[in-house]
Amino acid sequence: MQNYQNGIIRFAAILAIAVASALPVSLSAQTLALGGIEQPGGAAGPVTLSLPEAIAMALNSSSALQIANRALQRDASRIQVAKDAGGPRAGASIQATHFDTATVIEFGGQHILVVPQDNVEYGFNASLPIDITGQIKAQTDVARLQALSDRFGRDAVFNSLVFSTQSAYFGLLRAQHQVQVAEASLANAQAQQKIASQQYQAGTGQRLDLLRANTQVANAQQVLLQVNNSFSLARINLNDAVGRPLNAPTTVLDVPGVTKGVSTHGISAGSASSPAAAPAPAYFNAPLSDINSIDISASIKTAVDARPELRQDLTNIQAARKSIKLARADLEPTLTLTAGGEAYNMVSFANPRETVREVGAVINIPLFDSGIAHDRIRDANDTVEIARTTYEAHKTDVAKQVRQAYLSLQNAAQQIDSANIALQQASAARDLAQTRFEGGVGLYLEVTDAQAALTAAETSQVNAVYDYLVARAQFEVVLGTPNLNPVLPADLISEPVALPATPPNLPADAGAHSQTNSRAGQLAAPPAGTAATSAAPVVTSGKTGGVISGLPRSQAGKWTGSVAVELNGTHKYPTN
């Protein structure tokens, strides 16, 4: 027994060594050094992303978008299945039977073969359903409308991804600037601490000022730790949005015009700083006049026409109405044409001919079904009313969202002007307080108060700018026309399924949305060098049938490519 136990222990030890030796090889390519947690995508090097690049990466890596595209492929199969239901069907059969003996009868002195001992029968049959009541067409229409509904659902996912990526992108920039503000504040506090220490050692300063300077440095260090943590979290959010490993070093291109003001951290002991010598900062300016000129009623109409959620609701109404027709199937007659034939291996009394051919027609007229069909029709009518009520509720929600997004955008733009003015005043006050203190005519308390006000003003200016950029992105999304990357993944502008006919209750211009001007809700382009989100041009794309139609223009002003799809099923492919 002891030998048996020792053998088991030795075998377990050998197995453990083998597994341990093979483990690093199998996991080294996939496991990141982040607490042993395996990260999707493996290790990734540092990258710097523009906003269009971040959006493109988010679209390519989104599982929700991949699922939506798979649903469209499934819908294409279902449409084909519904079409095939009205096509002809054909089949063949062969039946072989061996009896113990042949069946023979004697009649008038003659032997007549009734059933041969080996009987082989060949058969062929074909049928063609005739859609006399429109049931097959209704089933195909429902499948097409479901495909269109899923397409609009895909567009809603698309818009949501664009906005979430923009929010994460601007969130990282916000955190980055807040780190810069905290670093400048700490540098100012450390420079002031040096001045206070030198003055105290020279006998011209007070110990209270030195203690205040030490406290100011400690507080600035604490704030810097907090904003650095916020920066790390913001980078994780962006990496998650674009499909990179969460701990990957990712940086983003800044928005021109965002500034934290004139920093005063370069103060030298015993020298007065000159505000006039500092470079004038370029402040971010929002196009407030364009925002104020937006027609909110036209914006709501644009959103009602363009929002994929509302288009999906309208399509669902039409699909529910078509389902009423399907619910009547048990009450309506059916007609099927048939053709067939049989062939036998020999002639007998039961089969006096070697081949038999036949054609026919089968009419089925329902008479009584215990009220099942009427119950289904009542259920289908209720579904239509539910879909109609859902559309009206969503329409009200969209109007509310547009108004709220507009007010947020207007308020954010106004906050930028106030933040810029406050930053200018705080920067000048900080320089003046520093000059007075170094000249011996000001109190150190004035410097600390001015520095605290400057840090608050810098933080407010950073928040105001990115609040505006997020509010602008949100306003574009609630209109249904978000700014997109001009170079989109190929599978997002392809046509996996054909579009059905235009539902009767869709808006008249639902199949041909174009770019809107600023008064209709589309923001005008920001002034040069102030509000451009990236070096690459961003084209606002309209929606036609739920497919992206806006593509980049060349420098000569011509379209380099475009795909436009209308709801009536026609396709347009302009190439120039």
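A brief look at the structure comes next. (Residues numbered from 1 in each chain as written. Predicted model: local features only at pLDDT ≥ 70, side-chain atom pairs only at ≥ 80, totals over all residues. Heavy atoms only, no water.)

1. Side note on the overall build of the protein chain
Stage number 1. Counting secondary structure elements, the protein chain contains 10 helices and 14 strands.
Stage number 2. For the protein chain, buried positions account for 41% of its 576 residues.
Stage number 3. Sequence separation of at least 24 residues holds for 81% of the intrachain contacts in the protein chain that already meet a minimum separation of 6.
Stage number 4. Accessible surface computed for the protein chain: about 29700 Å², of which carbon and sulfur atoms make up 57%. (Helix = DSSP H or I, 4+ residues; strand = E, 2+ residues; numbered from the N terminus. Buried < 20%, exposed > 50% of the residue type's maximum accessible area, 1.4 Å probe, protein only. Contact = heavy atoms within 4.5 Å. Areas by Shrake-Rupley, 256 points an atom, 1.4 Å probe, with all protein chains shown as cover.)

2. Considering a nonpolar patch on the surface
Stage number 1. The grouping of Leu128, Ile130, Ile132 and Leu337 at the surface amounts to a nonpolar patch, some 290 Å² of accessible area in total.
Stage number 2. Turning to its location among the elements, Leu128 is positioned in strand β5 (residues 118–130). (Patch = residues over 30% accessible without salt bridge, like charges linked within 9 Å, V, L, I, M, F, W, Y side chains within 5 Å. Salt bridge = Lys/Arg side-chain N within 4 Å of Asp/Glu carboxyl O.)

3. Let's talk about the pairing of strand β4 (residues 110–115)
Stage number 1. Across 5 bridges, strand β3 (residues 103–107) lies against β4 in antiparallel orientation. Opposite Ile105, over in β4, you have Ile112 as the bridge partner.
Stage number 2. Counted along the chain from β3 to the antiparallel partner β4, the turn is 2 residues long, and its residue Gly108 has a positive phi close to 65 degrees. (Pairing = 2+ DSSP bridges.)

4. A word on the nonpolar core
Stage number 1. One finds Tyr169, Phe170, Val402, Tyr468, Leu469 and Phe475 to be the most contacted residues of the largest nonpolar core, which totals 64 residues.
Stage number 2. Mapped onto this core, the elements with two or more residues apiece are α2 (51–61), α4 (135–202), α5 (207–242), α7 (296–306), α8 (308–327), α9 (372–438) and α10 (444–479).
Stage number 3. With 14 residues, the single largest contributor to this core is α4.
Stage number 4. Apart from the residues lying within four places of it in its own chain, the contact partners of Val402 are Ile296, Ser299, Ile300, Ala303, Phe475, Val478 and Leu479. (Core = buried A, V, L, I, M, F, W, Y, C linked by side-chain atoms within 4.5 Å.)

5. Regarding α5
Stage number 1. Between its first and last C-alpha atoms α5 spans 53 Å; for 36 residues at 1.5 Å apiece the expected length is 52 Å, and the two agree.
Stage number 2. Two residues or fewer after α5 comes Gly243, characterised by a positive phi angle close to 85 degrees. (Expected span 1.5 Å × (residues − 1).)

6. Regarding the packing of aromatic side chains
Stage number 1. Across all of its chains, the model carries 3 aromatic pairs by this definition.
Stage number 2. Judged by centre distance (6.5 Å) and plane angle (40 degrees), the ring pair of Phe170 and Tyr466 falls under tilted. Taken together, the residues Phe170 in helix α4 and Tyr466 in helix α10 connect sequence positions 296 residues apart. This pair shows no difference in class: Phe170 is buried, exactly as Tyr466 is.
Stage number 3. Grouping aromatic residues by their ring pairs yields a cluster made of Tyr169, Phe170 and Tyr466. (Phe/Tyr/Trp six-rings, centres within 6.5 Å; stacked < 30°, edge-to-face > 60°.)

7. Some thoughts on the pattern of salt bridges
Stage number 1. Under the criterion given, the structure shown has 15 salt bridges.
Stage number 2. With its nearest N and O atoms 3.0 Å apart, the salt bridge here joins Glu332 to Lys325.
Stage number 3. A residue is classified by how much of its surface remains accessible, and Lys325, at 25% relative accessible area, is partly exposed.
Stage number 4. The partner of Arg376 in a salt bridge is Asp330, with the nearest N and O atoms 2.7 Å apart. One end of the pair, Arg376, is in helix α9; the other, Asp330, is in the loop between α8 and β7 (334–344), with 46 residues separating them in the sequence.

8. Details of the pairing of β7
Stage number 1. Relative to β7, β5 runs antiparallel, the two sharing 10 bridges. What sits directly across from Gly123, in β7, is Glu342.
Stage number 2. Bridge analysis of β7 against strand β8 (residues 355–364) gives 10 bridges, and the strand direction is antiparallel. Bridge pairing links Ala343 to Thr355 in β8.

9. Here we look at the sheet that holds β5
Within a beta sheet, neighbouring strands are joined by backbone hydrogen bonds and run either parallel or antiparallel to one another.
Stage number 1. A sheet is described by the order of its strands in space; here 4 strands give the open sequence β2-β5-β7-β8, paired in antiparallel fashion. The sheet terminates laterally at β2 (89–98) and β8, the two strands that pair on one side only. With direction set aside, neighbouring strand axes in the sheet form an average angle of 20 degrees. (Axes fitted to C-alpha atoms, helices over the stretch in contact; angles between N-to-C directions.)

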